[in-house]
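# Structural features, examined
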Amino acid sequence: MKILALSGSTRAESFNRRLLDIAVAGARQAGAEVTVVDLSEYPMPLYNQDLEYKEGIPEAAVQLKRLMVEHQGLLIASPEYNGFPTPLLKNTFDWLSRKQAEHEPPMFAFQHKIAALLSASPGAGGGTRGLTILRIYLQNLGIMTLPGQVSLGLAGQAFREDGRLHNDQLQQSTESLAADLFEMLQKQADRFD
Ligand SMILES: Cc1cc2nc3c(=O)[nH]c(=O)nc-3n(C[C@H](O)[C@H](O)[C@H](O)COP(=O)(O)O)c2cc1C
């Protein structure tokens, strides 16, 4: 069972990327094979239908879609921008939702995917409003989401130097969320065996 991990922020000191790293460690500890993707390595223009007709799907989207198809689980950590998931995250998934070939099934990249969601913010809310919207968006793409989630508030003070969280309970919840995702993926695989 393979998990693709990505952050909705490519900021150099991104809190979400740091929170994602904790979840990734939790998933690996549970036995999952995890691929971490940095979206800055997959630059895509802002989606525009004329551009798609003229130039086709950008190479970065083709590559990321291939990677997405090879993984069954998703770990997504994203900040909220004005209560919404980041434009980067939505733009990336919008490109991946496009068909590369006429006979490709709709939402091919996202078929049978299960995602676990996390967010972090320097504010007290931890970006949790953005996850509510992200959940709906992912559902529209055909991606199932785990009901549990982690939102880390006051992220500027939350991390220790070794990357772990000062708050042991939140550290454990983050690791457990990733382990739960892995367990769910295994159960799904058993059902379809
Ligand atoms: C356009 C914009 C809108 C933002 N809106 C929110 C918001 O609604 N809620 C919030 O908690 N933080 C908001 N922030 C602050 C981000 O949470 C903060 O910049 C955070 O560090 C971004 O995540 P990162 O550290 O992973 O890059 C906003 C930031 C930007 C640039």
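Everything quoted here is computed from the prediction, not taken from an experiment.

### Observations concerning the environment of Ala23
Position of Ala23 relative to the elements: it lies in helix α1 (residues 15-29). Separated by 151 residues in the primary sequence, Ala23 and Thr174 have C-alpha atoms spaced 5.5 Å apart. Residues contacting Ala23, with those up to four places away along its chain left out, are Leu75, Leu118, Thr174 and Ala178.

### Focus on the pattern of salt bridges
Once the charged atoms of two side chains with opposite charge are near each other, the side chains can pair. This model, assessed by the stated rule, comprises eight salt bridges. With its nearest N and O atoms 3.0 Å apart, the salt bridge here joins Arg17 to Asp21. Separated by four residues within a single helix, Arg17 and Asp21 lie in helix α1, roughly one turn from each other. A residue is classified by how much of its surface remains accessible, and Arg17, at 29% relative accessible area, is partly exposed.

### Here we look at the packing of α1 against helix α6 (residues 168-192)
Following both chains from N to C, one finds α1 and α6 inclined at 55 degrees, their axes separated by 7 Å at the closest point. On the basis of the axis angle, α1 is oblique to α6. Relative to α6, α1 is oriented so that their crossing is right-handed. The residues of α6 that touch α1, namely those facing Leu19, Ile22, Ala23, Gly26 and Ala27, are Gln171, Thr174, Glu175 and Ala178. Residue composition of the contact of α1 with α6, by class: five nonpolar, three polar and one charged.

### Structural notes on the site of the ligand
As a matter of local geometry, the ligand sits amid 13 residues, with Ser9, Ser14, Asn16, Glu80 and Ser121 nearest to it. For the ligand, an oxygen atom lies 2.9 Å from a polar atom in the side chain of Arg129. For the ligand, whose free accessible area comes to 620 Å², the fraction covered by protein is 70%. The set of elements that each furnish at least two residues to the shell around the ligand consists of α1 and β4 (80-81).

### Observations regarding the sheet that holds strand β7 (residues 144-152)
Taken in spatial order, the five strands line up as β2-β1-β3-β6-β7 in an open sheet, and their pairing is parallel. What marks the edges here is a single partner per strand, and that holds for β2 (33-37) and β7. When the angles between neighbouring strand axes are averaged without regard to direction, this sheet yields 20 degrees. As defined by bridge partners, strand β3 (residues 73-77) adjoins strand β6 (residues 114-120) across five bridges and the pair is classed as parallel. Note on β6: the bridge partner recorded for Leu75 is Ala116.

The rules behind these values
- Residues numbered from 1 in each chain as written.
- Predicted model: local features only at pLDDT ≥ 70, side-chain atom pairs only at ≥ 80, totals over all residues.
- Heavy atoms only, no water.
- Helix = DSSP H or I, 4+ residues; strand = E, 2+ residues; numbered from the N terminus.
- Contact = heavy atoms within 4.5 Å.
- Salt bridge = Lys/Arg side-chain N within 4 Å of Asp/Glu carboxyl O.
- Buried < 20%, exposed > 50% of the residue type's maximum accessible area, 1.4 Å probe, protein only.
- Axes fitted to C-alpha atoms, helices over the stretch in contact; angles between N-to-C directions.
- Parallel < 35°, antiparallel > 145°, perpendicular 65-115°, else oblique.
- Left-handed = near helix turned anticlockwise from the far one by under 90°.
- Nonpolar A, V, L, I, M, F, W, Y, C, P; charged D, E, K, R; others polar.
- Near = heavy atom within 4 Å.
- Polar contact = N/O pair within 3.5 Å; in protein donor to acceptor, adjacent residues only side chain to side chain.
- Areas by Shrake-Rupley, 256 points an atom, 1.4 Å probe, with all protein chains shown as cover.
- Pairing = 2+ DSSP bridges.

These values are about where atoms sit, not about what they do.
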